[in-house]
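Listed below, chain by chain, are the residues.
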Amino acid sequence: MFESLKNLLKHFTGSKEATSAEPDTSTQASTAPTPAPAPAPAPSESFSDQYITLAKFNLGLGSIGPDNRNDVDPKTVNEMYQAIAAGLFNIPVSGKVPEICVDGRTNKDGSRFSAPCAAGGTLSIVYGGDLGSGAAVDVNEIQLTAQIINTLKEKGHSTGVHGDDHSSCGCGACAKAPTIYQHISERINDIASLVSQLGINVTDSEKESIVQQANNRLSQAGFFAEDRASVVQAAQDSGALYEELVGKHNELGIALNTKPGTTVDRSAIRAKYGPQYDVFVVDAWAFGNAAKDINASGNEADEQRIAKAITLQNVATASILGHGSLRIVPIA
Ligand SMILES: [Zn+2]
């Protein structure tokens with residue numbers, strides 16, 4: 001599945017590059033009168049239309065995104081997108097499944113654990129596994145979290161979650177998990193349409209099964225914990241590593257990484273462009289590995305559906321937290 005994603009992304013970015021209509025700033029600069037202030041300044045560069053936005057799929061209900069920022073230079077943002085797409089910030093990781101959150105922020109010392117990323121860290125596997133398995137077993141979210149973490153530990157994987165320095169539950173994927181389930185239920189076609197543009201086809205029966213499971217959980221009394229931070233705590237109690245991220249959300253795009261064995265180095269991006277230049281990091285190559293290792297039935301169709309549900313959970317989280325102007329920057 002993710003091989004096809006990789007090929008499609010290559011094709012997608014290649015064809016877009018050919019039709020890119022970036023203003024030629026070098027020409028503008030050389031023809032401008034030298035010392036006098038320009039009477040009609042050229043419109044400032046806008047954020048690149050080379051990459052697909054959440055808005056293109058009617059997604060992006062949140063506020064995080066370039067259009068809501070006045071502290072960044074669009075030209076620099078576009079350069080950053082290009083450099084990320086070229087894989088210049090990819091660094092090796094040893095983990096094989098998502099362990100830390102896509103969150104663009106860092107720990108107090110400016111670092112992150114070096115590990116594959118998905119929305120909520122290990123909780124992405126909990127929610128994606130739940131939505132994709134279609135098993136309406138009468139457990140709650142906390143029990144499910146402990147179960148998945150134990151399964152992953154048995155397979156030799158590290159697990160992780162996070163909070164931040166100012167919220168009761170600083171992980172949006174966890175804090176808003178019920179809203180994200182609701183979003184998947186209500187907007188499955190928009191979300192699947194985005195995913196299909198990335199080369200992953202969610203079939204009608206898969207959509208039906210995932211929506212059914214989302215609805216089951218939304219109507220199951222007590223499935224979602226009232227105290228959202230208790231889910232992060234439950235993960236830690238089961239052995240998940242904990243990161244305390246600091247500061248506010250400055251993500252300007254979603255780095256969609258399909259290079260196996262790598263993630264994107266957030267600290268290096270800041271070092272190059274400035275401390276306010278962050279991106280969400282989605283290590284999509286690791287989703288299939290997670291689906292394989294938590295699939296209780298061993299059945300191939302179940303494994304595929306779980307991998308797709310993890311993908312949908314990541315897109316839905318981005319759509320709930322992110323603004324329509326967030327670009328998806330593929331790394332193929
Ligand atoms: Zn998070």
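All values derive from a computational prediction rather than experimental measurement.

Criteria and thresholds
Residues numbered from 1 in each chain as written. Predicted model: local features only at pLDDT ≥ 70, side-chain atom pairs only at ≥ 80, totals over all residues. Helix = DSSP H or I, 4+ residues; strand = E, 2+ residues; numbered from the N terminus. Contact = placed C-beta atoms within 7 Å. Pairing = 2+ DSSP bridges. Axes fitted to C-alpha atoms, helices over the stretch in contact; angles between N-to-C directions. Parallel < 35°, antiparallel > 145°, perpendicular 65-115°, else oblique. Left-handed = near helix turned anticlockwise from the far one by under 90°. Nonpolar A, V, L, I, M, F, W, Y, C, P; charged D, E, K, R; others polar. Buried ≥ 20, exposed ≤ 12 C-beta atoms within 10 Å, placed from the backbone. Core = buried A, V, L, I, M, F, W, Y, C linked by C-beta atoms within 7 Å. Arc of directions from axis to C-beta. Expected span 1.5 Å × (residues − 1). pLDDT = per-residue confidence, 0-100.

1. Considering the overall build of the protein
Counting its regular elements, the protein contains 12 helices and 9 strands. A separation threshold of at least 6 residues defines the contact pool for the protein, and within that pool the share at least 24 residues apart is 82%.

2. Some points on the sheet that holds strand 9 (residues 327–331)
Taken in spatial order, the 3 strands line up as 8-6-9 in an open sheet, and their pairing is parallel. Looking at strand neighbours, the two that pair on one side only are strand 8 (278–283) and strand 9, the edges of this open sheet. With strand direction ignored, the average angle separating the axes of adjacent strands in the sheet is 25°. Relative to strand 9, strand 6 (residues 251–257) runs parallel, the two being bridged by 5 bridges. Bridge pairing links Ile254 to Ile328 in strand 9.

3. Quick word on the packing of helix 4 (residues 122–133) against helix 12 (residues 300–321)
Each pair of packed helices can be described by the angle between their axes along with the distance between the axes. At a minimum axis separation of 7 Å, helix 4 and helix 12 run at an interaxial angle of 125°. In this view, helix 4 runs oblique relative to helix 12, as classed from their interaxial angle. In the packing of helix 4 onto helix 12, the handedness of the crossing is right-handed. Counting all contacts with helix 4, which are made through Ser124, Ile125, Tyr127, Gly128, Gly129, Leu131, Gly132 and Ser133, the residues of helix 12 involved are Asp302, Arg305, Ile306, Lys308, Ala309, Ile310, Gln313 and Asn314. Among the residues forming the contact of helix 4 with helix 12, the class breakdown is 6 nonpolar, 7 polar and 3 charged.

4. A word on the pairing of strand 6
Counted residue by residue, strand 6 has 7 buried out of 7 residues, so it is predominantly covered. Sheet analysis places strand 6 next to strand 8, joined by 5 bridges and oriented parallel. The residue bridging Leu256 from the neighbouring strand is Val282, located in strand 8.

5. A look at the environment of Thr76
By the element assignment, Thr76 lies in helix 3 (residues 74–85). Note: C-alpha distance between Thr76 and Tyr277 (201 residues apart in sequence) is 9.1 Å.

6. Section: the nonpolar core
A general trend in soluble globular proteins is that nonpolar side chains are found buried together. In this structure, Ile84, Ile254, Ala255 and Val282 are the most contacted members of the largest nonpolar core, which totals 87 residues. Examining the composition of this core, we find that 10 residues originate from one element, helix 12, more than from any other. If we skip the residues at most four places from it in the chain, Ile84 touches Phe89, Ala255, Val264, Val279, Val329 and Ile331.

7. Let's talk about helix 9 (residues 229–237)
For helix 9, the set of buried residues is Val231, Val232, Ala234 and Ala235. The arc that holds every buried residue of helix 9, seen down its axis, measures 155°, which confines them to one face. Just downstream of helix 9, Gly239 is the residue with a positive phi angle, here 115°.

8. Re helix 12
The end-to-end C-alpha separation of helix 12 is 32 Å, in line with the 32 Å expected for 22 residues at 1.5 Å each. Across the 22 residues that make up helix 12, a large majority, 19, are buried.

9. Some thoughts on the confidence of the model for the protein
The pLDDT averaged across the protein works out to 90; a share of 86% of its residues lies at or above 70. Ignoring residues within four places in sequence, the model shows residues 10–32, a span with pLDDT below 50, making 11 contacts including any to other chains.

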